[in-house]
Amino acid sequence: YVVFTDLDGTLVDHDSYSYEAARPAIDLLKQKGIPLIFCTSKTRAELEVYVEELDCHHPFISENGGGIFVPEGYFDIDIDFDHKVGNYDVIELGTGYSALKDTLMEISKGSGIEIINFGKMTTEEVSKDTGLDIRSAELAKMRDYDEAFRIIDEDENKASKMKELIGAAGYNYTRGGRYWHIIGNNDKGKAVRILTDIYRQQFTDITTIGLGDSQNDLPMLESVDISVLVQKPGGSHDPSITDTKIKRVEGIGPIGWGNAINEIIGR
Ligand code: 2M8
Ligand code: MG
Ligand code: MG
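## Thoughts on the sheet that holds strand β1 (residues 2-5)
Point 1. Here we have 5 strands laid out as an open sheet, ordered β2-β1-β11-β12-β13, and parallel in their pairing. In the strand order of this sheet, the two ends are held by β2 (36-38) and β13 (247-252), each with one partner. On average, each strand axis in the sheet is inclined to that of its neighbour by 25°, with strand direction left out of account.
Point 2. As defined by bridge partners, β1 adjoins strand β11 (residues 208-212) across 4 bridges and the pair is classed as parallel. Across the sheet, Val-2 pairs through a bridge with Thr-208, a residue of β11.
Point 3. Across the face of the sheet, helix α7 (residues 188-203) comes into contact with β1, β2 and β11 while running at roughly 165° to β1.

## Comments concerning the coordination of the magnesium ion (ligand 2)
Angles at a metal have ideal values that depend on geometry: 109.5 degrees with four tetrahedral donors, 90 or 180 degrees with six octahedral donors.
Point 1. Looking at the magnesium ion (ligand 2), one finds its protein donor set to be Asp-6 (OD), Asp-8 (O) and Asp-213 (OD), positioned 2.2 Å from the metal centre.
Point 2. When the donors of the magnesium ion (ligand 2) are listed by position in the chain, the intervening gaps give D-x1-D-x204-D.
Point 3. The exposure class assigned to Asp-8 is partly exposed, which follows from its relative accessible area of 26%.
Point 4. When its relative accessible area of 4% is taken as the criterion, Asp-213 is described as buried.

## With respect to the side chain of Lys-42
Point 1. Here Lys-42 lies in the loop between β2 and α2 (44-53).
Point 2. When near neighbours in sequence (up to four residues on either side) are disregarded, Lys-42 contacts Leu-7, Asp-8, Tyr-17, Leu-47, Tyr-50, Ser-62, Glu-63 and Leu-132.

## Focus on the packing of aromatic side chains
Point 1. All told, the structure shown has 12 aromatic pairs when counted by the stated rule.
Point 2. For the ring pair Phe-75 and Tyr-199, a centre distance of 5.0 Å and an interplane angle of 80° mean the geometry is edge-to-face. Separated by 124 residues along the polypeptide, Phe-75 in the loop between β4 (67-71) and β5 (83-85) and Tyr-199 in helix α7 bring together distant segments of the chain.
Point 3. Here Phe-75 falls in the buried class, since its relative accessible area comes to 8%.
Point 4. For Tyr-199, a relative accessible area of 0% corresponds to the buried category.
Point 5. Within the aromatic cluster, the residues linked to one another by ring pairs are Tyr-74, Phe-75, Tyr-199 and Phe-203.

## Focus on the site of ligand 1
Point 1. Around ligand 1, the surrounding shell holds 16 residues, and the nearest of these are Tyr-17, Lys-42, Glu-46, Arg-178 and His-181.
Point 2. With respect to ligand 1, the side chain of Tyr-17 contributes an N or O atom lying 2.7 Å from an oxygen atom.
Point 3. Contact between ligand 1 and Glu-46: an oxygen atom at 2.5 Å from a side-chain N or O atom of the residue.
Point 4. In isolation ligand 1 has 410 Å² of accessible area, and contact with the protein removes 99% of it.
Point 5. Here ligand 1 occupies the largest cavity.
Point 6. If you count residues domain by domain, the shell around ligand 1 takes at least three from each of domain 1 (2-94 + 189-265) and domain 2 (97-183).

Cut-off values and rules
Residues numbered from 1 in each chain as written. Chains lettered and ligands numbered in written order. Predicted model: local features only at pLDDT ≥ 70, side-chain atom pairs only at ≥ 80, totals over all residues. Heavy atoms only, no water. Pairing = 2+ DSSP bridges. Helix = DSSP H or I, 4+ residues; strand = E, 2+ residues; numbered from the N terminus. Axes fitted to C-alpha atoms, helices over the stretch in contact; angles between N-to-C directions. Contact = heavy atoms within 4.5 Å. Donors = N, O, S within 2.8 Å, 3.2 Å for Na, K, Ca; no water. Buried < 20%, exposed > 50% of the residue type's maximum accessible area, 1.4 Å probe, protein only. Phe/Tyr/Trp six-rings, centres within 6.5 Å; stacked < 30°, edge-to-face > 60°. Near = heavy atom within 4 Å. Polar contact = N/O pair within 3.5 Å; in protein donor to acceptor, adjacent residues only side chain to side chain. Areas by Shrake-Rupley, 256 points an atom, 1.4 Å probe, with all protein chains shown as cover. 1 Å grid on protein atoms, 1.4 Å probe; cavity = no way out; pocket = protein on both sides within 12 Å on 5 of 7 lines; lining within 4 Å. Sits in = over half its atoms within 2 Å of the grid points. Domains from an automatic or database assignment.

Here it is, written out as structure tokens:
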């Protein structure tokens, strides 16, 4: 097995950002030597903290499939990397952050749709809006391939106009638990497929598992062998995800995550 997982609202709680409820299942994966691959809207800087905290030294996918980061020497096979960041070899699928941010600002100005985005927010504002502590908010602002934003006084009109204008500018959008995201020609699914190919070249016989909670996880969930949707706060599964092949597990966020891993891998 190889496990691909979203973080916010899936492996970690939507509000407290705690993964403690999933701890036994994380340990089970470790015991069995099953790679746990983070695949999230979070930045490389944020993910490096999780790598250390969970002692989970595997590849990870940042910012909605913008970058695939592989620890140096992790695979034996020849891989065509784009560049190196610290101790990681990187496959870059995303568009540079400043182009995304500039386009978003132009769209907002040109259309009069007011937005608030991470690039304009102070660290304190990001912390307050997300519930992340100050240090984590700082790391969340260190973006490479994705700008997170909210539409002020969002309604259906503004939302559909925003989608149209992002498309017209040649970019894509997705939605996480709290924010809209403007991205390039990448998504979680593309990154998962590329990394799965690499694992299959190295290990041939693997089954992939994907776990998520929101719309931005759909391309990932459709690119794995076994897909799982956890419950959102309040106890429902994201109603915008209608694919019936995706298993809807009982349990909000990390509780559902643990239930699913135990069911699939446990015993
Ligand atoms: C943003 O991502 C979440 C993911 O669901 C969202 O869209 O609500 C990201 O920008 C990430 O970097 C940050 O850690 C997170 C905090 O909730 O928000
Ligand atoms: Mg999520
Ligand atoms: Mg995420």
